[in-house]
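Read off the chains here:
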Amino acid sequence: MTDVLISGAGVAGTALAWWLRRHGFRPTVVERASAPRDGGYKVDVRGVALTVLDRMGLSEQVRGRDTGMRLARFVDADGRQLATMDAALFGGREGDDVEIMRGDLAQILMAATDDVEYLFGDSIAALRPTADGVEVDFERGASRRFDLVIGADGLHSTVRRLAFGPASTYLRPLGHHIAICTVPAEFGEERVELMHPAPGRTVGVYRTAGAPDARALFLFPSPEEVPDHRDVAGQRAALVRAFAGAGWRVPELLAALPDAPDLYFDAMSQVRMEHWSTGRIGLVGDAAYGASPASGQGTSLGLVGAYVLADALAEAAGDPAAGFAAYERRMRPFVEQNQQLAERNLKGMVLGSAGQIRFQTLMLRLMPRLPGRERMIRRVTEPIRAAASAITL
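In this report, we go over the structure that sits alongside the text.

Thresholds applied
Within every chain, residues take consecutive numbers counted from 1 along the sequence as written. The predicted nature of this model means local features are confined to residues of pLDDT at least 70 and side-chain atom pairs, given and counted, to a pLDDT of 80 or more, with totals for whole chains, interfaces and linings taken over all residues. Heavy atoms from the whole structure form the basis of all side-chain values; hydrogens and water molecules are not counted. Only protein chains enter the area calculation, which uses a 1.4 Å probe; residues under 20% of their type maximum are buried, those over 50% are exposed, and those in between are partly exposed. Strands here mean DSSP runs of E at least two residues long; helices mean DSSP runs of H or I at least four residues long; both are numbered from the N terminus. Strand pairing is assigned whenever DSSP identifies at least 2 bridges connecting the two strands. Expected helix span is taken as 1.5 Å per residue step, with the number of steps being one fewer than the number of residues. We define the bend at each residue as the angle formed by axes fitted to the 7 residues ending at it and the 7 residues starting at it. Whenever two N or O atoms come within 3.5 Å, that pair is a polar contact, provided that in protein one can donate a hydrogen and the other can accept it, and provided that, for residues adjacent in sequence, both atoms are side-chain atoms. Axis angles are defined between N-to-C directions and span 0 to 180 degrees, where every axis is a line fitted to C-alpha atoms and, for a helix, only to the segment in contact. Grid points spaced at 1 Å over the protein atoms alone were grouped into cavities, where a 1.4 Å probe fits but cannot get out, and pockets, open sets with protein on both sides within 12 Å along at least five of seven lines, with lining residues defined by an atom within 4 Å of a point. Grid points are joined across faces, edges and corners, and a volume is the space filled by probe spheres set on the points. Asp, Glu, Lys and Arg are counted as charged, while Ala, Val, Leu, Ile, Met, Phe, Trp, Tyr, Cys and Pro are counted as nonpolar; the rest, among them Gly, fall into the polar class.

### A word on the pairing of strand β4 (residues 71-75)
For β4, the tally of buried residues reaches five of five residues, placing the bulk of the element in the interior. Here β4 runs beside strand β5 (residues 81-86); their pairing, made up of five bridges, is antiparallel. Counted as the bridge partner of arginine 73 is threonine 84 from β5. Hairpin connection between β4 and β5: a loop of five residues separates the two successive antiparallel strands, and glycine 79 in this loop has a positive phi of roughly 85 degrees. Bridge count between β4 and strand β13 (residues 192-198): four bridges; the pairing is parallel. Along β13, the bridge assignment pairs phenylalanine 74 with methionine 195.

Right under this line is the structure:
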C-alpha cells in the first residue's frame, strides 16, 4: 500500500485524502492548526466540482448547507440604497451552483475522512527525497518516511517552498489586498450582502440565514509596506490606514477588528508554476495554481484537482512520474481558463472612480427594464460557467 503525506487539511487536502483512500492508498494529513478550521468566507462550488461532490456522495449534504443568500444591496457613504442585484447574478450563480460557508464544507469533508490519520498542530520542517520515497521531518513529531508527499497547504505552501523554492518565484500579485473577519450579527442583514463601493476600495458585510454573526470583507490596493503574516496587530493597523475616512459603517467595522477572532489578511495573488511536481513531491489546489479569491473558483479548483490527481496516481500504478504528468496534462487547461477570470472579476469588485461607481449602480437600477437584460446577464455569467465546466472527468 502506498503511503502518502498530504500537507494541509483544507478543502483540497481533505478531498484528496478521500479519493486516495478510495483508490487504495494510505493517506496521512498534517495540519499546522491545532484543530479543524471552521471559519472563513462563503465559497462557490460550480460545474465539474459539483460532479466531484456527487461522486463522493456528499452533494446532498453540501446543498443542504447552501447560504441561501438572496441579493446584494449597494449603499453609499450615508447608508442610502444605490441599487440591488440578485444573488444569482452577483456570484455568477445559476440553478445548480452551490454557495456554502468554507467552514461548513470543511466540516463535511472532515467527517467523510474520519478513517484517515490526521496530525493536527504540526507541520513539515524538511523534505529529503530518496530513490523510493521521501523522508519527512516534522516540527513536533518524529521523522517518518512516505512514498509520496503532496502539498495542499495553500497560497503560502510550505511544501512548495521546501521542494520548489521561495514563494516570490511563483506568486503573481494582482495589486490588491483582501481582509475577511467575523463581526457581530448587528452589522449584517440576513441573506443579504451589503456592499459599499468607494473609489479604489470596497467593503461588504453579509449574514447567512440563522447565523449568529456576520462576515465582513475589505478589498483595497496593496499597501507599500505589507505586515508579516504573523503580525495581526500590524495587519489591523494597515487595514485602518487603508480605509481612513471611509463612510457608511466602516469606522464601526474597523473598531470591531480587535474583537474579531479570525482576521484573514493577504494579497490577492495567483500561483503560476511551470510544473506542479518534482520527483515524488507534488502540489494540488492553491499551493499549485491558486486563482485568487477574485476568481471565485478556488474551491472548485481544489475539489477537481484532488479528484484528477488521485485518479492519475491510481492509473499510474506506482509510477509517480507518470501519475503527476497525467494530472498536469488533464488539469492545466482547466486551471488556466479559471485563472483568467480573476482580473476581469476584480475590475468589477473594486472600481477606480466615483464616476465608475455611479455608472455601475445606474446600470443595476435600469437592468430590470432594459430590453437586452438577458443578453447582458449572459455576458457576465457565461465566462464563469464555461470555465467551471472546462474539463471532463
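### Description of unusual backbone geometry
Note on backbone geometry: most residues besides glycine have negative phi, and most peptide bonds are trans. Its identity as a non-glycine residue notwithstanding, tryptophan 248 has a phi of 55 degrees, on the positive side. Relative to the assigned elements, tryptophan 248 resides in the loop between α7 (232-242) and α8 (250-255). At serine 292, a position not held by glycine, the phi torsion is positive, near 80 degrees. Note on placement: serine 292 falls in the loop between α9 (286-289) and α10 (298-315).

### Some words on helix α11 (residues 320-339)
A rise of 1.5 Å per residue sets the reference length of α11, with its 20 residues, at 28 Å; its end C-alpha atoms lie 26 Å apart and thus fit the reference within 8%. In α11, a bend of some 40 degrees at methionine 331 exceeds every other bend along the element, and proline 333, a proline, comes one to four places later. Sitting at the amino-terminal end of α11 is aspartate 319, which places a side-chain oxygen 3.2 Å from the backbone nitrogen of alanine 321.

### Concerning the sheet that holds strand β10 (residues 144-146)
Spatially, three strands are ordered β8-β9-β10 in an open sheet, and the strand pairing comes out antiparallel. The open sheet is flanked by β8 (124-129) and β10, the only strands paired with a single partner. Strand-to-strand twist across the sheet, computed as the mean angle between neighbouring axes with direction ignored, equals 30 degrees. When strand β9 (residues 134-138) meets β10, the two strands line up antiparallel, connected through three bridges.

### What to know about the layout of surface pockets
Reported here for the second largest pocket is a volume of approximately 330 Å³. Residue lining of the second largest pocket: 17 residues in total, with Met101, Asp104, Thr208, Ala211 and Arg215 positioned closest to the centre. When residues of the lining of the second largest pocket are traced back to their parent elements, those giving at least two are α5 (102-112), β14 (201-207) and β15 (213-221). Each residue belonging to the lining of the second largest pocket can be placed in one class, and the counts come to six nonpolar, five polar and six charged.

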